[in-house]
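# Topology and contacts: notes
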Amino acid sequence: MASSFRIVMQENNDNLHLRLIGDFDGSSAFELLDVLKNRAHAVQKVFIHTSGLGEVHPFGLGVFEKRACELKENLQKIHFTGDKAQLVSPDQSLCL
């Protein structure tokens, strides 16, 4: 895992906010996926804030995009925000 990576979680009003901080690599992608698998089903919307990300490694992006399809219906409720939102957001059309 990228030693500088962490996820700050805040839940309010049936929304889950995940602030990604540090470098995003393969281990970071698995950590984010694990949080989403365990928490997304219990809320209406998930906001993933990417402005706190430093370096975004291509391998981490690949892992996240490939495994994001496993989130199935929860993928529809995930919204990315911040400077690196478009970079990190998986292409949902690949999951059809």
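### Some thoughts on the nonpolar core
- With 27 residues, the main nonpolar core has Leu18, Phe24, Leu32, Leu36, Val46, Ile48 and Phe64 as its most contacted residues.
- Those elements that provide at least two residues to this core are β2 (15–24), α1 (26–39), β3 (45–49), β4 (53–56), α2 (58–68), β5 (78–81) and α3 (85–88).
- In terms of residues, this core owes the most to one element, α1, which gives five residues.
- Leu32 has contacts with Ile7, Leu18, Leu20, Phe24, Ile48 and Phe64, leaving out every residue within four places of it along the chain.

### Description of the packing of aromatic side chains
- Enumeration over the complete set of coordinates arrives at three aromatic pairs.
- When the ring of Phe5 is compared with that of Phe24, the centres are 6.0 Å apart and the planes differ by 70 degrees; the resulting orientation is edge-to-face. In this pair, Phe5 sits in the segment before β1 (6–12) while Phe24 sits in strand β2, placing the two residues 19 residues apart along the sequence. Phe24 matches Phe5 in its accessibility class, with the two residues each being buried.
- Clustering of aromatic rings is evident, with ring pairs tying together Phe5, Phe24, Phe64 and Phe80.

### With respect to unusual backbone geometry
- Positive phi is not limited to glycine here, since Asn13 has a value of about 45 degrees.
- Mapped onto the elements, Asn13 comes out in the loop between β1 and β2.
- Overall, the relative accessible area of 73% leaves Asn13 in the exposed class.
- Positioned with a positive phi, Asp14 is a non-glycine residue whose angle comes to about 65 degrees.
- Mapping Asp14 onto the fold places it in the loop between β1 and β2.

Cut-offs used in this document
- Residues numbered from 1 in each chain as written.
- Predicted model: local features only at pLDDT ≥ 70, side-chain atom pairs only at ≥ 80, totals over all residues.
- Heavy atoms only, no water.
- Core = buried A, V, L, I, M, F, W, Y, C linked by side-chain atoms within 4.5 Å.
- Buried < 20%, exposed > 50% of the residue type's maximum accessible area, 1.4 Å probe, protein only.
- Helix = DSSP H or I, 4+ residues; strand = E, 2+ residues; numbered from the N terminus.
- Contact = heavy atoms within 4.5 Å.
- Phe/Tyr/Trp six-rings, centres within 6.5 Å; stacked < 30°, edge-to-face > 60°.

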